[in-house]
Amino acid sequence: MNLKLHKPLCVFDLETTGTNVGKDRIVEICILKVNPDSSRESKTWRVNPEMPIPVSSSEIHGIYDEDIKDSPTFKEIAPKIVEMITGTDLGGFNSNRFDVPLLAEELLRAEFDFDLSKFKLVDAQTIFHKKEPRNLGAAYQFYCGKTLENAHSAEADVLATFEVLDAQVGKYDDISNEIAELSEFSTQNKFADLAGMIHYNAKNQEIFAFGKYKGQVVKEVFQKDLGYFGWLQNADFPLYTKKVFTKIQLSSKF
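Residues numbered from 1 in each chain as written. Predicted model: local features only at pLDDT ≥ 70, side-chain atom pairs only at ≥ 80, totals over all residues. Heavy atoms only, no water.

What follows covers the overall build of the protein. A count of helices and strands for the protein gives 11 helices and seven strands. Whereas a compact globule of 254 residues would reach a radius of gyration of roughly 18 Å, the protein reaches 23 Å, over 25% beyond that. Taken along its principal axes, the extent of the C-alpha atoms in the protein is 55 × 55 × 35 Å. When burial is assessed residue by residue, the protein has 37% of its 254 residues classed as buried. In the protein, of all internal contacts separated by at least 6 residues, the share reaching a separation of at least 24 is 52%. Summing over all exposed atoms, the protein offers an accessible surface of approximately 16,200 Å²; the carbon and sulfur share of this is 52%. Between the mean site of the 30 positive side-chain charges and the mean site of the 38 negative ones, the protein shows a separation of 4 Å. (Helix = DSSP H or I, 4+ residues; strand = E, 2+ residues; numbered from the N terminus. Rg over C-alpha atoms; globule rule 2.2 N^0.38 Å. Buried < 20%, exposed > 50% of the residue type's maximum accessible area, 1.4 Å probe, protein only. Contact = heavy atoms within 4.5 Å. Areas by Shrake-Rupley, 256 points an atom, 1.4 Å probe, with all protein chains shown as cover. Lys, Arg positive; Asp, Glu negative; His and termini not counted. Charge placed at Lys NZ, Arg CZ, Asp CG, Glu CD.)

Put into structure tokens, the structure is as follows:
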């Protein structure tokens, strides 16, 4: 082991109902406790979040309401989690921004104190991003072997971007040189709008990614609550998102 530990390190990961630290709940937690002598202990708990899991979240982690209906609540397993992490440091991937804050919320909600000052926090994602930059200059150096001069000048950036894209196609045998296939490969998440406020469910239906109808089919919501469509049109949403909502609302009449 390369790490030098002076006390145990608990590396953990959460699967949740969503990404809102204040409102969403844990549906699965795994903790790997690594001791200074390199011995390890791992525990995984499925958790009943006491709220419906949005379909959009279930499609990511594969945990549905039916899977956790008989699982303990977080409050029931909280004593075991507290026992496991007491006297340790905490680590994860994107943990400083998400997992640690959400775990703290859950513990406080379960009436267990969480004192951040008692832990050292190590986030592998932050180390990754600091040591291996993922900006255009880094890509230009990696794929083209060149230093990007005048970075953030629109002309320099666009020329470098084209060279990087062309070099990527030449470097990897398993990606196509056809634009349609490259478009599919480079799409991380498929949204109905550009802002990511309208997702698709497993049936390829548009669903809300926010608000009181989060996870519900947009067309069905408009059919039962037309006033909500009016509110969306007057709210501070991107124009393209409103355009998509309008298209769905018109189709909901038929």
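Time to look at unusual backbone geometry. Of note in the backbone geometry, Glu50 takes a positive phi value of approximately 60 degrees without being a glycine. Even without being glycine, Asn204 reaches a positive phi, approximately 65 degrees. Relative to the helices and strands, Asn204 is located in the loop between strand E6 (198–200) and strand E7 (206–208).

Read across the sheet, five strands follow the order E3-E2-E1-E4-E5 without closing on themselves; strand pairing throughout is mixed. The sheet is open, and its two borders are formed by strand E3 (40–46) and strand E5 (121–123), each paired with just one other strand. Taking the axes of each pair of neighbouring strands and ignoring which way they run, one obtains an average angle of 20 degrees across the sheet. Taken together, the seven bridges between strand E2 (residues 26–34) and E3 define a ladder with antiparallel strand orientation. Note that in E3 the partner of Val34 across the bridge is Arg40. Sheet strands in contact with helix H4 (residues 95–109) are strand E1 (9–16), E2, strand E4 (89–92) and E5, and its direction is about 80 degrees off that of E1. (Pairing = 2+ DSSP bridges. Axes fitted to C-alpha atoms, helices over the stretch in contact; angles between N-to-C directions.)

Glancing now at the state of the cysteines. Considering all chains together, one arrives at zero disulfides under this definition. Free of any disulfide, Cys30 has its nearest neighbouring cysteine sulfur in Cys10, separated by 10 Å. Taking the relative accessible area as the measure of exposure, Cys30 reaches 28% and is therefore partly exposed. (Disulfide = S-S within 2.5 Å.)

This part is about the nonpolar core. Counting 24 residues, the largest nonpolar core has Ile26, Ile29, Ile31, Trp45, Phe74, Ile81 and Leu103 as the members making the most contacts within it. Those elements giving two or more residues to this core turn out to be E1, E2, helix H3 (74–85) and H4. The contact partners of Trp45, leaving out residues within four places of it in the chain, are Val27, Glu28, Ile29, Ile31, Ile77, Lys80, Ile81 and Met84. Core analysis: the next-biggest nonpolar cluster, separate from the first, contains 17 residues, Met197, Phe208, Val218 and Phe229 among them. (Core = buried A, V, L, I, M, F, W, Y, C linked by side-chain atoms within 4.5 Å.)

Turning to helix H10 (residues 226–234), its buried residues number three or more, namely Tyr228, Phe229 and Leu232. Buried residues of H10, viewed axially, fall in a sector of 105 degrees; they line one side. H10 presents Leu226, Gly227 and Asn234 as exposed residues on the side facing more than 90 degrees away from its buried surface. For H10, the secondary structure elements touched by its buried residues are E7, helix H9 (218–224) and helix H11 (239–251). (Arc of directions from axis to C-beta.)

With that out of the way, let us pick up the environment of Asn35. Its place among the elements puts Asn35 in the loop between E2 and E3. The spatial distance from the C-alpha of Asn35 to the C-alpha of Ala195 is 44 Å, given a sequence separation of 160 residues. Those residues within four positions of Asn35 in sequence are excluded, and the remaining contacts are Met1, Leu5 and Pro8.

What follows covers the side chain of Gln249. Structurally, the position occupied by Gln249 is in helix H11. Look past the residues within four positions of Gln249 in its chain and what remains in contact with it is Phe222, Leu226 and Phe229.

The subject of this paragraph is the pairing of E4. Consecutive side chains of a regular strand alternate in pointing toward one face of the sheet and then the other. The side-chain alternation of E4 yields two buried faces, one formed by Asp89 and Gly91 and the other by Leu90 and Gly92. In the sheet, E1 pairs with E4 via three bridges, with the strands oriented parallel. Pairing of Val11 across the sheet is with Gly91, part of E4. Two elements, E4 and E5, share three bridges in a ladder whose sense is parallel. Considered in E5, the bridge of Leu90 is made with Leu121. For the crossover from E4 across H4 to E5, the handedness is right-handed. (Right-handed = clockwise from strand over helix to strand, strands pointing away.)

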